[in-house]
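# Observations on the model geometry
Here's the letter readout for the chains.
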Amino acid sequence: MAETGRRRVLTGDTPTGSLHIGHWVGSVKRRVEIQETHDCFFLVANLHAFTTRADKPEEIRQDCLEVVRDGLAMGIDPNKAAIFLQTEVPAIMQLTYLFAMLLPYNRVMRNPTLKDELTVKGLEDNYSFGFPLYTVGQTADILAFRAHEVPVGEDQVPHLELTREVARRFNKMYCGVPDKAPDEDHVELGGVFPIPEADVGRVGRLIGTDGVQKMSKSLGNAIQITDTPKQVRKKLGKIYVGIDNRQPTDPGEVDPEKNPLFQYVETFIESPDEVADLRDRYARGDNIGDGVVKVRVAESISALLEPMQERRKQYESDDVVMDILHEGCKKAIAATEETLEMAKKAASLQFFDRTVTI
Ligand code: TRP
């Protein structure tokens, strides 16, 4: 447990540039809540971005600032959570190397998320050594903080499983934790690492405004947090409603699995009564076409975005974002140096004390 007695949370993202409402729904909203009750560390996984974009370092650097700026705009509070860059935390790199020794090569390559990425990105046999290594690096991102909880989307669960395995193996091999010890007893039994738990969000995946693919800036189907009410209305106007050639007054499909518009209704309209009412009237074709529903959803989304856009103004300057990152990196370094020292002691690697300053 951290000094505050609160449970520790570590999570992060590979920086891909500005954020959209899919990120809000899928992860950032949860972070804004959890920062009130937990000691939170939010990582910008800039090294992971090098797995596929090693030739575009300057672009990755800009993406880092942008992702932090948008996170702050969405309500992540730098006084409550530490926001930091992976590459500024040397303990993560050192633990990655050590953990790689505890994992059979074939175990790393069996990770289904890794396999998927290699297929989706068309990399087949043509990937860097660093590509599979990032999964081991991710175990270090988490364990370096001795995190208890890791809020993530479904696709990250295999990485969490790998992390749990590494933690168990380390605690057993170097800290005398007995073989059959239950996960929740590891620290009490002398283990350095708590066995972290994945906290998988309810809405993993918001459909984009094309109504087909996951929302993604690069697919051009995203509502960005900087979009004006007019842009939001326009984008929603195009969304597919689940039935081809429907007359505007015909009864519509309300199952969010079949009608993406209703995924938006359920996600962005806060009052359950209003959601039920819209669903009801739409299903009966009661004088309510797609347009009416779209306008209501657009209003709700713009009401959500307005305070974000207002907040974002404070963070427009790169210097302000850099100062916040500097503070976050200092906190991350302090927390992880403590872990590294514990791990080095356990593995008979502690020869000298050190202080890392930035
Ligand atoms: N792999 C994650 C993603 O692409 C980002 C990430 C890196 C992460 N390190 C992490 C997530 C540690 C949770 C915990 O989204």
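Each value, and the rule that gives it
Residues numbered from 1 in each chain as written. Predicted model: local features only at pLDDT ≥ 70, side-chain atom pairs only at ≥ 80, totals over all residues. Heavy atoms only, no water. Helix = DSSP H or I, 4+ residues; strand = E, 2+ residues; numbered from the N terminus. Rg over C-alpha atoms; globule rule 2.2 N^0.38 Å. Contact = heavy atoms within 4.5 Å. Areas by Shrake-Rupley, 256 points an atom, 1.4 Å probe, with all protein chains shown as cover. Lys, Arg positive; Asp, Glu negative; His and termini not counted. Charge placed at Lys NZ, Arg CZ, Asp CG, Glu CD. Near = heavy atom within 4 Å. Polar contact = N/O pair within 3.5 Å; in protein donor to acceptor, adjacent residues only side chain to side chain. Nonpolar A, V, L, I, M, F, W, Y, C, P; charged D, E, K, R; others polar. Expected span 1.5 Å × (residues − 1). Bend = angle between axes of the 7 residues up to and from the residue. Buried < 20%, exposed > 50% of the residue type's maximum accessible area, 1.4 Å probe, protein only. Salt bridge = Lys/Arg side-chain N within 4 Å of Asp/Glu carboxyl O. Domains from an automatic or database assignment. Buried area = accessible area lost by both parts, 1.4 Å probe. Pairing = 2+ DSSP bridges. Right-handed = clockwise from strand over helix to strand, strands pointing away.

### Points about the overall build of the protein chain
- In terms of regular secondary structure, the protein chain is built from 13 helices and five strands.
- A compact globule built from 358 residues would reach a C-alpha radius of gyration of about 21 Å, and the protein chain, at 23 Å, matches this within 12%.
- Dimensions of the protein chain, computed from C-alpha atoms along their principal axes, come out at roughly 75 × 45 × 45 Å.
- A separation threshold of at least 6 residues defines the contact pool for the protein chain, and within that pool the share at least 24 residues apart is 73%.
- Of the roughly 18000 Å² of accessible surface on the protein chain, a fraction of 51% belongs to carbon and sulfur atoms.
- The averaged location of the 57 negative side-chain charges in the protein chain is 1 Å from the averaged location of its 45 positive side-chain charges.

### Some points on the site of the ligand
- Around the ligand sit 14 residues, and of these Gly 12, Thr 14, Gln 138, Asp 141 and Gln 156 come closest.
- Within the side chain of Thr 14, one N or O atom sits 2.9 Å away from an oxygen atom of the ligand.
- Contacts to the ligand include Gln 156, whose side-chain N or O atom sits 3.0 Å from a nitrogen atom.
- Taken by itself the ligand offers 370 Å² of open surface, and the protein chains cover 87% of this.
- Of all elements in the fold, only β1 (8-13), α7 (130-143) and β4 (149-152) reach the threshold of two or more residues within the shell around the ligand.
- Here the element with the most residues in the shell around the ligand is β1; it accounts for four residues.
- Looking at side-chain class alone, the shell around the ligand contains six nonpolar, six polar and two charged residues.

### Overview of α7
- For α7, with 14 residues, the first-to-last C-alpha span of 19 Å sits near the 20 Å given by 1.5 Å per residue.
- Its axis deflected by about 25° at Val 136, α7 carries its strongest bend there.
- Residues Phe 131, Pro 132, Tyr 134, Thr 135, Val 136, Gly 137, Gln 138, Thr 139, Ala 140, Asp 141, Ile 142 and Leu 143 constitute the buried set of α7.

### Points about the pattern of salt bridges
- Scanning all chains against the criterion turns up 31 salt bridges.
- A salt bridge links Arg 53 to Glu 59, with the shortest nitrogen-to-oxygen separation between them at 3.0 Å.
- Take Glu 59: its relative accessible area is 38%, and that puts it in the partly exposed class.
- Across the salt bridge formed by Asp 55 and Lys 56, the nearest N and O atoms sit 3.8 Å from each other.
- According to the relative accessible area criterion, Asp 55 is exposed, its value standing at 59%.
- Residue Lys 56 is classed as partly exposed on the basis of its relative accessible area of 36%.
- Salt bridges here are not isolated pairs; linked through shared partners, they connect Glu 66, Arg 69, Asp 70, Arg 312 and Asp 318.

### Points about the domain arrangement of the protein chain
- Split by domain assignment, the protein chain resolves into domain 1 (8-206 + 317-346) and domain 2 (226-311).
- Using only C-alpha atoms to locate each centre, domain 1 and domain 2 end up separated by 35 Å.
- With ten residues of domain 1 in contact, the opposing surface of domain 2 contributes nine residues.
- For the pair domain 1 and domain 2, the two sides together bury roughly 800 Å², of which 73% comes from carbon and sulfur.

### What to know about the pairing of strand β2 (residues 39-44)
- Counting buried positions over the six residues of β2 gives six, a clear majority of the element.
- What you see with β2 is no split at all: Asp 39, Phe 41 and Leu 43 on one side and Cys 40, Phe 42 and Val 44 on the other are buried throughout.
- Pairing of β1 with β2 involves six bridges; the strand directions are parallel. Each bridged residue has a counterpart across the sheet, and for Leu 10 the counterpart in β2 is Phe 41.
- Crossover β1 to β2 through helix α1 (residues 21-34) is right-handed.

### Observations regarding the environment of Tyr 134
- Locating Tyr 134 in the fold gives a position in helix α7.
- A relative accessible area of 9% places Tyr 134 in the buried class.
- Separated by 50 residues in the primary sequence, Tyr 134 and Glu 184 have C-alpha atoms spaced 27 Å apart.
- With residues up to four places along the chain from it excluded, the contact list for Tyr 134 reads His 48, Thr 51, Thr 113, Leu 114, Glu 117 and His 159.
- A polar side-chain atom of Tyr 134 sits 2.6 Å from a polar atom in the side chain of Glu 117.

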